[in-house]
Amino acid sequence: MEDMFFGAFADINTWYVVGSAVAVLLVLGFTGAPLTLWFVGLAALMWGFAAPTWSWAVLGVLAALFLIKPIRRATLSNGVMKMMKALNFLPVISQTERTAIEAGTVWMDGELFSGKPNFKRILNESYPDLTEDEQAFLDGPVEKLCAMTDDWEVFQNRELPLKVWDYLHKEKFFGLIIPKKYGGLEFSALANSAVVAKITSRCGPLSTTVMVPNSLGPAELLIHYGTQEQKDYYLPKLAIGEEVPCFALTEPNAGSDAGAISSSGVVFKGDDGKLYMKLNWDKRYITLAAISSVLGLAFKLRDPENLLGKGEDLGITCALIPTSAEGVELGKRHDPLGVPFYNCPTRGKDVIVPVDTIIGGVEGAGNGWRMLMESLAAGRGISLPASSTGGTKAMMRVAGAYAGVRKQFGLPIGKFEGIEEPLARIAGYTYILEAARKYTCGALQQGAKPAVVTAIAKYNFTEIFRKATNDTMDILGGAAISRGPRNLVAHGYMSVPVSITVEGANILTRTLMIFGQGAIRCHPYAFKEIDALTRGDLVQFDDAFWKHIGHVVQNKFRALLLSVTRGRLASSPVSGPAAKYWKKMAWTSASFAFISDVALGSMGGALKVKEKLTGRFADILSWMYLGTAVLRRFEAEGRRKEDEPFLHYSMQLAFSEIQQAFDGIYRHMSIPLVGWIFRGPIAFWSRLNPISTAPDDRTGKYLAKIAQTPGEQRDRMTDGIYVPEDVNEALGRLENAFRLSTEAEDVARKIKDAIRAKKLPRDKPARLVQKALEENIITKEEAGLVKRAEEARFDAIQGDEFTLDEYSKTAENPVPAPIPNKQGKKPEPVMN
């Protein structure tokens, strides 16, 4: 008995030691303890198990190898470095790729990539508002510009009216970003974005016309890289529209791969002893080119005689070319899906210009690619995200009003769950995009140029706008299909593919830029390792590599424990309804960081071409950023109780998209020997324990209701778009009918109650108004309200109609319509 007792006690003691060891191991891993503490923990474990003497010697050798840096570098790090070089394990980065990766800065993307985001920093990042002057510009000149522009007219005439062009120049719409000292408005990124968003809600071609000169182009490049002489000459003229700019980058053989441009320039000395360039180019899809007076040109510059003293092949260079120069070919247009903004080809044949037309002067020669990448790192976060947000807000406004006005089967169609579902999506998208728009602009205004974040914005905003537009088309049905001055959706639908394509096609942006470059740029150590390998810097490699190993170990433990506890072990910077989402974001970040490192570590440079996989990683990083922006918005706006359903819907959507991407990664992680672990146990656990499921129906119902309820919350969610009060305008007409129909609902309810009480016969309430008035069930004023509401509703749902002559007027080569003969029969078709 005594032996059994002591045996059992020994077993308990062993289990206690093992349990304690596991607990210490988990704590060390979860907290990211330094390597020294791991050796201390291992020593304690060995002591607890009474390890033999020889094992202590082994521990000492290992400690020396890993903890004494000179020994570690000479042995372990040197060996790893040689092996990686021999196997070409890490991706080879060209100079153009290196420039693109180094362009801009790392911002919140770095936090999300870390596996352990600093939520206090995220929460303290700027979430800005407009200044008084900026708001006054929106309420004044922008409002007036929208009012004087008829979108239908613009599409019919395929041109903006002259009065609109004059007003653009007068109010300095082309000088939004130009400093005041040069005559511009010097607006913030948020104001630039707000102007574009509001104009987009009125007229897409007008928005593009304003957007492009204030995005990547001569003004932007001159502000940051131009010589003082260039700034003094061009910026005042650009601010007032005296000079109309365009920027020519895309070519027949250089689209998404902009580094492949073949446009060329050769430096030579003229007869007057001055230096010139002979330029040749063939560019296409260049906005405003046909009407431009100054053409920003990207080309590859050669200096065969080294006249500039910078070598023979200087590389991509940007210059400002007067379009009046001999050999410049303009005057043609493309037709981008019938959307009538100036999108044009331009060619140049042996165009001679002085070398001081190079942006930045001679010093700027060969620096064009860096200029472009740094400018795009910021610009991608403003223009297209702004137009997508403005467009999505307009879709919410239109779809909500129409769903409340249009009736079928005796009910507004918005009462049907089939309409509620897409309407909720549109409302959720609107909340998400506005959150991310302001959050991104806040970073840009603080001087950040987060290339990965702005790529996330460009890709996701335009894709979400596409989804919102498709949902709106489905809700409006025939009213969205039949074009005319009453149609508020069709032109937006037509223009969506344009935004998807420009500034980096979305397929490329998702599969290459967001994660392909982001995995190197945003990772705490990857780029340092690649750089050290390239330069053969053993000290830097040693430091980065072992920190990277520690980073992987910590994220492995964090991912495991946060998954098991569903994020409960993580801390939240706030209390209240958003707290659980901050914790889930920590869980997501840890899992993402660990799986990213597994992919990088197992595939190395080959991951670069695994674009289906990198696309899924991009989806996770994208929705982490969008979700973070939503959390920041909810706090910045004071945790409004009425906005909690928007918070819940947005975060459930974000995490469900993340979950879908994780599941796709696990299914397709083809790693030798261990791939089955991801496809089997990990994939099974992920499905069993998802981060989130899709937004629930109850929350979606609330969002759809807000979209269909006139009032402060609907106005706030769609704030910043153009809403005319004139009932003769399409949106003004729809809004008026929507308001009257909502006000008349109480009257209709009285009539329905009377029908149930058998005081009135069974019929549609609108047909019983007179009878209800006679029976004193409703008042005369209420009867008048119903009458006005029905008249307004009927008017608002009318489609556009054209006579045959009117319809054929806009055709380039109108063909007479076949008119029925006197017997009422149409003529027989002519057979060839």
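A short tour of the structure in this document, coming up. All figures in this text were calculated on a predicted structure; none of them were measured in a lab.

Structural notes on the nonpolar core
Phase 1: Phe592, Ile595, Leu621, Tyr625 and Met669 are the most contacted members of the largest nonpolar core, which has 132 residues in total.
Phase 2: Beyond its immediate stretch of four places on either side in the chain, Phe592 contacts Leu112, Phe113, Phe515, Phe617, Ile620, Leu621, Met624 and Phe662.
Phase 3: One finds Leu206, Val267, Ala319 and Val328 within the second-largest nonpolar core, a separate group that totals 51 residues.

A few points about the environment of Pro450
Phase 1: For Pro450, the location among the structural elements is in the loop between helix H17 (417-445) and helix H18 (451-476).
Phase 2: On the accessibility criterion, Pro450 (0% relative accessible area) is buried.
Phase 3: Residues Pro450 and Val106, spaced 344 residues apart in sequence, show a C-alpha to C-alpha distance of 5.3 Å.
Phase 4: In this structure Pro450 touches Thr105, Trp107, Ala377 and Leu444, once residues within four positions along its chain are discounted.

Quick notes on helix H30 (residues 730-756)
Phase 1: Over its 27 residues, H30 extends 37 Å from the first C-alpha to the last, a length consistent with the 39 Å expected when each residue adds 1.5 Å.
Phase 2: Maximal helix bending in H30 amounts to about 35 degrees, located at Glu745.
Phase 3: Of the residues flanking the end of H30, it is Lys758, one or two places downstream, whose phi is positive at about 65 degrees.

Quick notes on unusual backbone geometry
Of all residues except glycine, most have a negative phi; of all peptide bonds, most are trans.
Phase 1: One non-glycine residue, Glu186, lies in the positive phi region at around 50 degrees.
Phase 2: Residue position: Glu186 is located in the loop between helix H10 (162-170) and helix H11 (189-200).
Phase 3: The partly exposed category is assigned to Glu186, whose relative accessible area is 45%.

What about the environment of Ala74?
Phase 1: Within the fold, Ala74 resides in helix H4 (residues 69-87).
Phase 2: Separated by 464 residues in the primary sequence, Ala74 and Leu538 place their C-alpha atoms 8.9 Å from one another.

Comments concerning a nonpolar patch on the surface
Phase 1: Residues Leu560, Val564, Phe684, Trp685 and Leu688 make up a contiguous nonpolar surface patch of roughly 530 Å² in combined accessible area.
Phase 2: For the nonpolar patch, the leading source of residues is helix H27 (residues 675-688), giving three residues.
Phase 3: Its location among the elements puts Leu688 in helix H27.

Some remarks on helix H25 (residues 611-636)
Phase 1: Its 26 residues give H25 an end-to-end C-alpha distance of 37 Å, which sits within 8% of 38 Å, the value for a rise of 1.5 Å per residue.
Phase 2: Within H25, 23 of the 26 residues are buried, which leaves it mostly tucked inside the rest of the structure.
Phase 3: Positioned one or two residues after H25, Gly638 has a phi angle of 85 degrees, which is positive.

With respect to the packing of aromatic side chains
Two aromatic rings, taken as a pair, are described by how far apart their centres are and by the angle between their planes.
Phase 1: Going through the model one piece at a time under the given rule, you end up with 26 aromatic pairs.
Phase 2: Between the aromatic rings of Tyr581 and Phe655, the centroid separation amounts to 6.5 Å while the plane-to-plane angle is 20 degrees, which identifies the pairing as stacked. Linking Tyr581 in helix H24 (residues 579-603) with Phe655 in helix H26 (residues 644-667), this pair joins segments that are 74 residues apart in sequence.
Phase 3: On the basis of relative accessibility, which here comes to 1%, the residue Phe655 falls in the buried class.
Phase 4: Here Phe592 and Phe617 contribute two aromatic rings whose centre-to-centre distance is 6.1 Å and whose plane-to-plane angle is 65 degrees, an arrangement assigned as edge-to-face. Of this pair, Phe592 sits in helix H24 while Phe617 sits in helix H25, placing them 25 residues apart in sequence.
Phase 5: The ring of Tyr342 carries Arg333 above its face, with NZ or CZ at 3.9 Å from the centroid.
Phase 6: A cation sits over an aromatic face here: Arg558 above Phe30, 5.0 Å from the ring centre.

Points about the side chain of Ser686
Phase 1: Locating Ser686 in the fold gives a position in helix H27.
Phase 2: Overall, the relative accessible area of 7% leaves Ser686 in the buried class.

What to know about the pairing of strand S7 (residues 343-354)
Phase 1: Where strand S3 (residues 275-287) meets S7, nine bridges bridge the pair, whose relative direction is antiparallel. Bridge pairing in S7 places Met277 opposite Val353.
Phase 2: Here strand S6 (residues 328-329) pairs with S7 via two bridges, running antiparallel. When the sheet's bridge partners are listed, Glu329 is paired in S7 with Arg347.

Description of the environment of Glu635
Phase 1: With respect to the helices, strands and loops of the structure, Glu635 is situated in helix H25.
Phase 2: Each C-alpha atom, one on Glu635 and one on Phe662, is 28 Å from the other, the two residues being 27 residues apart in sequence.
Phase 3: When neighbours within four sequence positions are excluded, Glu635 is seen to be in contact with Leu123, Val574 and Ala578.

Thoughts on the side chain of Ser77
Phase 1: With respect to the helices, strands and loops of the structure, Ser77 is situated in helix H4.
Phase 2: One polar contact links Ser77 to Trp546, side chain to side chain, over a distance of 2.8 Å.

Cut-off values and rules
Residues numbered from 1 in each chain as written. Predicted model: local features only at pLDDT ≥ 70, side-chain atom pairs only at ≥ 80, totals over all residues. Heavy atoms only, no water. Core = buried A, V, L, I, M, F, W, Y, C linked by side-chain atoms within 4.5 Å. Buried < 20%, exposed > 50% of the residue type's maximum accessible area, 1.4 Å probe, protein only. Contact = heavy atoms within 4.5 Å. Helix = DSSP H or I, 4+ residues; strand = E, 2+ residues; numbered from the N terminus. Expected span 1.5 Å × (residues − 1). Bend = angle between axes of the 7 residues up to and from the residue. Patch = residues over 30% accessible without salt bridge, like charges linked within 9 Å, V, L, I, M, F, W, Y side chains within 5 Å. Areas by Shrake-Rupley, 256 points an atom, 1.4 Å probe, with all protein chains shown as cover. Salt bridge = Lys/Arg side-chain N within 4 Å of Asp/Glu carboxyl O. Phe/Tyr/Trp six-rings, centres within 6.5 Å; stacked < 30°, edge-to-face > 60°. Lys NZ or Arg CZ within 6 Å of the ring centre and 35° of its normal. Pairing = 2+ DSSP bridges. Polar contact = N/O pair within 3.5 Å; in protein donor to acceptor, adjacent residues only side chain to side chain.

No statement about biological role is implied by the geometric values presented.
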